[in-house]
Amino acid sequence: MKKQVFSQQSVVILISLVMATGFAIFLPAFLTVLNVVALLQNVAILGILSLGMAIIVIGRGIDFSMVALLVVPSGLLLQLVQDGHSIPIALAAAFALALVFGLINGFLIAYVEISPLFTTLGTGIFLAGMGQAVFFPLDVVPWGPQLNSMEWIGSGPILQIPKPIVMFVLAAMAMTFFLRKTRLGSYVYAIGDNPHGARTTGIPTRPVIVFMYVLAAMIATYAGLVMAASIHSMPTRIYNSTMIYDVILIVIIGGIGMTGGRGRVSNVIVGTVLIGILLNGMTILDVSYSAQNVVKGTVLLIALLFDTYLNPRNEDTAQQGDV
Amino acid sequence: MADNILELHDATKKYAGVPAIEDINFTLERGEIHSIVGENGAGKSTLTKVMAGVVTLNGGKMLLDGAEISPQTPVEARNLGIAMVFQENSLVPTMTAAQNLFLGQENAFNRIRRINIEAQQFFQSLQFDVDPVTVVSLLGAAKKQMIEIARAVKNSAKVIIFDEPTASLTPEEKLHFFNLVRALKERGVSIIFISHALEEALLISDRITVLRDGKHIVTDKNSNFDRARVVKAMVGRDLSQTIYGQRKSVTRPAGKKVLTVRNLRMGSQVKSCALSVFAGQVTGIFGLVGSGRTETFKIVAGVMKRDFRHGGDVLLNDRPVSYVVPAPAIRGGIAYITEDRKLEGFFETKSIAENIYLGLLAKLRGKRKLVSKKEADQVGQTWAKRLNIRTINTEVRAVELSGGNQQKVVIAKSLIQDPELIIFDEPTRGVDVGAIEEIHKLINTLADQGKPVVVISSYLPEIMSLSDRILVFRTGKVVEEFSAAEATEEKIMYSAIH
């Protein structure tokens, strides 16, 4: 193993600073308090989703159903309240739906051993389709006035800081605690580092993997609630957007290795900030949606290249000849 | 002067600086059947891989028909006329026999009917009874092998190398295979035959070469060999005594019976295996690769699953147990220390302390909901000291350690789980000499403390110096048991290779 002179995290912080300075110099609109707050607010939801994705990637998986899990359970909550059900019942239904899909993901991946990529692509499109076909009569689920007692989740700033940012910080703190201080958190790292080793060490790998996907589903639902409360509706069309790519971009560029077992919450935070600056700068520059995708795709591919270079799959590459 | 088709002079191949074969001189005469025999790791596979272009030499040269060659890839070797029939056959299971025969040489417009007819004619010319339109996955091992051989002959191979060709064959199929090999010889093909089964080598070869520890020991006509001479050449050692210490003079008596295995079965790898392990002594397990020794103990430790029906019994302290994952086995007190520490041993991105601490967490389960860095450090330091893991501090990541220290981390990770029965699988593979001695001392200490210890090893001197009792595996079961006093390397090897 080479000693790494630069950690990926410091490289990302450096790039962020360079980009931010560049935008600040050439775009007068960039470095205003309003814009910085807006920038963070826009990526706070992405940041929360990325926390969930980070756990999965650390445990050597991937979850493409996260956007569907952001949209459908929280949309269901809004719809049920709209239809006259009480808030506790609607909340229970939303989290039960997320739980069921987390369990399905986890069961198919851990016990049936289907690749996480295909499993979550399948459950994701199923869930999104179910939402659009069965639950929601409108593309945008409106926020009923009965819900105003829940508004605090996503709106109403604390000390001028917008609520989604506060919620992102809270989630990041909870996730830090989970990954660093709990036994289950250590298990997630162990499974991501060496799944066979974790099994022979006596770690119940399959239940832990199921737990990972359930947790990711819950985090996605939480992100959905924050989002709905902050924009006072749930636009179900975002399932069709490129949001999941932004999430993967944040996780990889932040330095959570796709090989598993590597990365921390701080990686997600720097990744979120970098992507926030990138998206915000492009918006101010009035780069078209399609051109933004070209940039995002390029950045994602470069990040993947770096990730492969920095975190090579050791067990494959270091194989020696059989003597 | 013999007519040599293939010659190797001072052939040397090193993997990461460690020689797998060293200064080997080897000649293959035209139209002979030449067997290469030796223990696991003697260098048979490497030698033949060099000839087949799978690996290239670091030193020495290879001559084919007197001209120097150096094939870089198996394709190149095959074009030169050297073909290898691998242990694991290389046919495409979803294609027919004919398609496989022509694989890689199809015309741009590949007419199935034409290749079926040509394959039929070709199989007939070899007197192989293979239906060209049958899909390969439906064929038995012997038929698959025929297709492989046919493919080699079709590519006008002058030299065909067989690596353990009889391992998956039934006795009748074996006889048929030997006839095939003799027929090939009649066609002027030279054959190299690698086998663990000594009888087969003695039955079929014209000449036999014995390798040991990567070196050429002896080559002679078959008629000058008998079993005893081959076995002696395979195991005779000089270096081993200095590394592995003398044989023990006092053996420990058997304590309480801790583990009983009865009639254990798993697919084709473990067949009606029965054995017992006693407290307070080291039970050495010897067997060649594929004898089912590792699989048997992996079933005991829950790493593998026995057959669902008629899988047999495992009794721990006279209580039947059946673990299907390792976690409950560890709670039950069985520690299996893997032979492949990279694949299923340590966590490479974690420090020594974290690695060992994970072992503790897995054992304690619900009693440690939260982890403590302090406890991890403490555990790391205690065990690094106890097992003499040499490093600057316990924060170093496991992947940066030497093989010996990695092995000690894996051992510590299991011992912290306070096991009742400890199974070491190849405890000193890829471990430096100093660490070998320490690990052996540790194994002896555990047995002295009254623990039942199992040591699985392919290396006879290791088995001889550690064991109080030796069980020999062959074809998926225990075939012989020796006490340390009566065992000799020759006797053990004799029963391991029927």
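The rules behind the values
- Residues numbered from 1 in each chain as written.
- Chains lettered and ligands numbered in written order.
- Predicted model: local features only at pLDDT ≥ 70, side-chain atom pairs only at ≥ 80, totals over all residues.
- Helix = DSSP H or I, 4+ residues; strand = E, 2+ residues; numbered from the N terminus.
- Rg over C-alpha atoms; globule rule 2.2 N^0.38 Å.
- Buried ≥ 20, exposed ≤ 12 C-beta atoms within 10 Å, placed from the backbone.
- Contact = placed C-beta atoms within 7 Å.
- pLDDT = per-residue confidence, 0-100.
- Core = buried A, V, L, I, M, F, W, Y, C linked by C-beta atoms within 7 Å.
- Domains from an automatic or database assignment.
- Pairing = 2+ DSSP bridges.
- Expected span 1.5 Å × (residues − 1).
- Nonpolar A, V, L, I, M, F, W, Y, C, P; charged D, E, K, R; others polar.
- Axes fitted to C-alpha atoms, helices over the stretch in contact; angles between N-to-C directions.
- Parallel < 35°, antiparallel > 145°, perpendicular 65-115°, else oblique.
- Right-handed = clockwise from strand over helix to strand, strands pointing away.

Undergrad: Just to check I follow, could you spell out the overall build of chain A for this structure?
TA: A count of helical and extended segments in chain A gives 13 helices and two strands. In terms of overall dimensions, chain A is globule-like: its C-alpha atoms have a radius of gyration of 20 Å, near the 20 Å expected for 323 residues. Each of the three principal axes of chain A carries a C-alpha extent, and together these read 70 × 50 × 35 Å. Evaluated residue by residue, chain A yields a buried proportion of 48% over its 323 residues. Put simply, 80% of the contacts in chain A that link residues at least 6 apart link residues at least 24 apart.

Undergrad: Would you explain the overall build of chain B in this entry?
TA: Looking only at helices and strands, one finds 18 helices and 20 strands in chain B. A principal-axis box enclosing the C-alpha atoms of chain B has dimensions of 70 × 50 × 40 Å. Looking at the 498 residues of chain B, the share that counts as buried comes to 47%. The contacts of chain B with a sequence gap of at least 6 include a subset with a gap of at least 24, amounting to 69%.

Undergrad: Can you walk me through the confidence of the model for chain A in this structure?
TA: Should pLDDT be low for a region, the predicted coordinates there are not to be read in detail. All names here are of chain A. Per-residue pLDDT for chain A has a mean of 87; in total, 93% of the residues score no lower than 70. A low-confidence stretch, residues 1-5 (pLDDT under 50), is modelled with three contacts involving residues beyond four sequence positions or located in other chains. Of the regions scoring below 50 in pLDDT, residues 314-323 engages in 14 contacts with residues more than four places distant in sequence or in other chains.

Undergrad: What exactly am I supposed to notice about the nonpolar core here?
TA: Within soluble globular proteins, side chains that are nonpolar generally end up buried alongside one another. If you look at the biggest cluster of nonpolar residues, it comprises 239 residues, and the most contacted ones within it are Ile48(A) and Ala216(A). Here the element with the most residues in this core is helix H9 (residues 205-231) of chain A; it accounts for 17 residues. When residues are assigned to domains, this core turns out to be shared by domain 1 (4-240) and domain 2 (242-496) of chain B, each giving three or more. Among all residues touching Ile48(A), those that are not within four sequence positions of it are Met167(A), Phe168(A), Ala171(A), Ile219(A), Tyr222(A), Ala223(A) and Val226(A).

Undergrad: Before we go on, may I ask you to explain the pairing of strand E11 (residues 257-266) of chain B in this structure?
TA: Looking along a regular strand, one sees side chains alternate from face to face of the sheet. Residues and elements named next belong to chain B. Strand direction decides the pairing type here: E11 and strand E12 (residues 270-278), joined by six bridges, are antiparallel. Residue pairing in the sheet places valine 261 in a bridge with leucine 275 of E12. In this antiparallel pair of consecutive strands, E11 and E12, the connection spans three residues, and glycine 267 shows a positive phi of 50 degrees.

Undergrad: Looking at this structure, I do not really get helix H11 (residues 265-284) of chain A. What am I missing?
TA: Think of an α-helix as turning once every 3.6 residues; residues three or four places apart then point the same way. In a regular helix each residue adds 1.5 Å, so 20 residues correspond to 28 Å; H11(A) covers 29 Å between its end C-alpha atoms and thus fits that length. Within H11(A), 16 of the 20 residues are buried, leaving the element largely enclosed by the surrounding structure.

Undergrad: Looking at this structure, I do not really get the interface of chain A and chain B. What am I missing?
TA: Note on interface size: it is often stated as the accessible area lost on association of the parts. Taken together, the contact between chain A and chain B spans 24 residues of the former and 36 residues of the latter. Residue assignment for the side of chain A that touches chain B shows that the elements contributing at least two residues are helix H7 (183-193), helix H8 (195-201) and helix H13 (314-317) of chain A. Looking at the side of chain A that touches chain B element by element, the count peaks at five residues for H8(A). Per-class residue counts for the side of chain A that touches chain B are five nonpolar, 12 polar and seven charged.

Undergrad: Can you help me understand the sheet that holds strand E18 (residues 453-457) of chain B in this one?
TA: The strands that make up a sheet are held in pairs by hydrogen bonds between backbone atoms, and each pair lies either parallel or antiparallel. Residues and elements named next belong to chain B. Pairing is mixed in the open sheet, where six strands are placed in the order E16-E17-E18-E13-E19-E20. Strand pairing shows two members of the sheet lacking a second neighbour, strand E16 (334-337) and strand E20 (477-483), which therefore form its edges. With direction set aside, neighbouring strand axes in the sheet form an average angle of 20 degrees. For strand E13 (residues 282-287) and E18, the ladder comprises five bridges, and the chain directions are parallel. Its bridge partner being in E18, phenylalanine 286 is matched across the sheet by serine 457. Contacting E13, E16, strand E17 (421-425), E18 and strand E19 (469-474), helix H10 (residues 293-300) crosses the sheet at an angle of about 145 degrees to E18. Docked against the sheet, helix H16 (residues 433-448) engages E13, E17 and E18, running at close to 150 degrees with respect to E18.

Undergrad: In this structure, what is going on with the domain arrangement of chain B? I would like to understand it.
TA: Domain annotation for chain B reports domain 1 (4-240) and domain 2 (242-496). Computed from C-alpha coordinates alone, the two centres of domain 1 of chain B and domain 2 of chain B are separated by 35 Å.

Undergrad: For this particular structure, what's the right way to read the packing of helix H15 (residues 403-415) of chain B against H16(B)?
TA: A packed helix pair is summarised by two numbers, namely the angle formed by the two axes and the spacing between the axes. Residue and element names in this part refer to chain B. Where H15 meets H16, the closest approach of the two axes is 8 Å, and the angle between their N-to-C directions is 25 degrees. With respect to H16, the axis of H15 lies roughly parallel. Touching Gly404, Gln407 and Lys408 of H15 are Gly434, Ala435 and Ile439, all from H16. Residues that form the contact of H15 with H16 fall into these classes: two nonpolar, three polar and one charged.

Undergrad: Teacher, can you tell me more about the sheet that holds E11(B) here?
TA: All names here are of chain B. With antiparallel pairing, four strands are arranged side by side in an open sheet as E12-E11-E14-E15. Two strands close off the open sheet at either side, each with one partner strand: E12 and strand E15 (319-321). Direction aside, the axes of adjacent strands within the sheet are offset by 25 degrees on average. Its contacts with the sheet place H10 against E11, E12 and strand E14 (313-316), and it is angled at close to 115 degrees to E11.

Undergrad: Which parts of the structure should I look at to understand helix H6 (residues 171-186) of chain B?
TA: Taking 1.5 Å per residue as the helical rise, H6(B) with its 16 residues ought to reach 22 Å, and the 23 Å between its terminal C-alpha atoms agrees with that figure. In the segment just after H6(B), Gly188(B) is the residue with positive phi, at about 90 degrees.

Undergrad: Before we go on, may I ask you to explain the environment of Val396(B) in this structure?
TA: Relative to the helices and strands, Val396(B) is located in the loop between helix H14 (373-386) and H15. Taking the number of C-beta atoms within 10 Å as the measure of exposure, Val396(B) has 15 and is therefore partly exposed.

Undergrad: Looking at this structure, how should I read the confidence of the model for chain B?
TA: All names here are of chain B. For chain B, per-residue confidence averages 84 on the pLDDT scale, and residues scoring 70 or more make up 94% of the total. Counting interchain partners and residues more than four positions distant, the pLDDT-below-50 stretch residues 238-243 has four contacts. The ipTM, which scores confidence in the relative placement of chains, is 0.84 for this predicted complex, and the corresponding pTM is 0.78.

Undergrad: Is there a simple way to explain the environment of Ala119(B) in this structure?
TA: Residue and element names in this part refer to chain B. Structurally, alanine 119 is set in helix H4 (residues 112-125). Considering only alpha carbons, one finds alanine 119 and lysine 154, 35 residues apart in sequence, at a separation of 10.0 Å. Leave out the neighbours within four places in its chain, and alanine 119 touches Ala97, Ala98, Leu101 and Pro132.

Undergrad: How should I be thinking about the environment of Gly404(B) in this particular structure?
TA: Mapped onto the secondary structure, Gly404(B) falls in helix H15. Not counting residues within four places of it along the chain, the set of residues in contact with Gly404(B) comprises Val431(B), Asp432(B), Gly434(B) and Ala435(B).

Undergrad: Help me understand the pairing of E18(B) in this model?
TA: All names here are of chain B. For E18, the tally of buried residues reaches five of five residues, placing the bulk of the element in the interior. As judged from the four bridges shared by E17 and E18, these two strands associate in the parallel manner. The residue bridging phenylalanine 424 from the neighbouring strand is valine 455, located in E18. Viewed along the sheet, the connection from E17 through H16 into E18 turns out right-handed.

Undergrad: Which parts of the structure should I look at to understand unusual backbone geometry?
TA: For residues that are not glycine, phi is negative in most cases, and the peptide bond is trans in most cases. The phi angle at Arg60(A) is positive, at roughly 60 degrees, despite the residue not being glycine. In this model, His310(B) sits at a positive phi of 50 degrees, which is unusual for a non-glycine residue. Along the polypeptide, His310(B) turns up in the loop between H10 and E14. Look at His310(B) and you get exposed, because 10 C-beta atoms sit within 10 Å.

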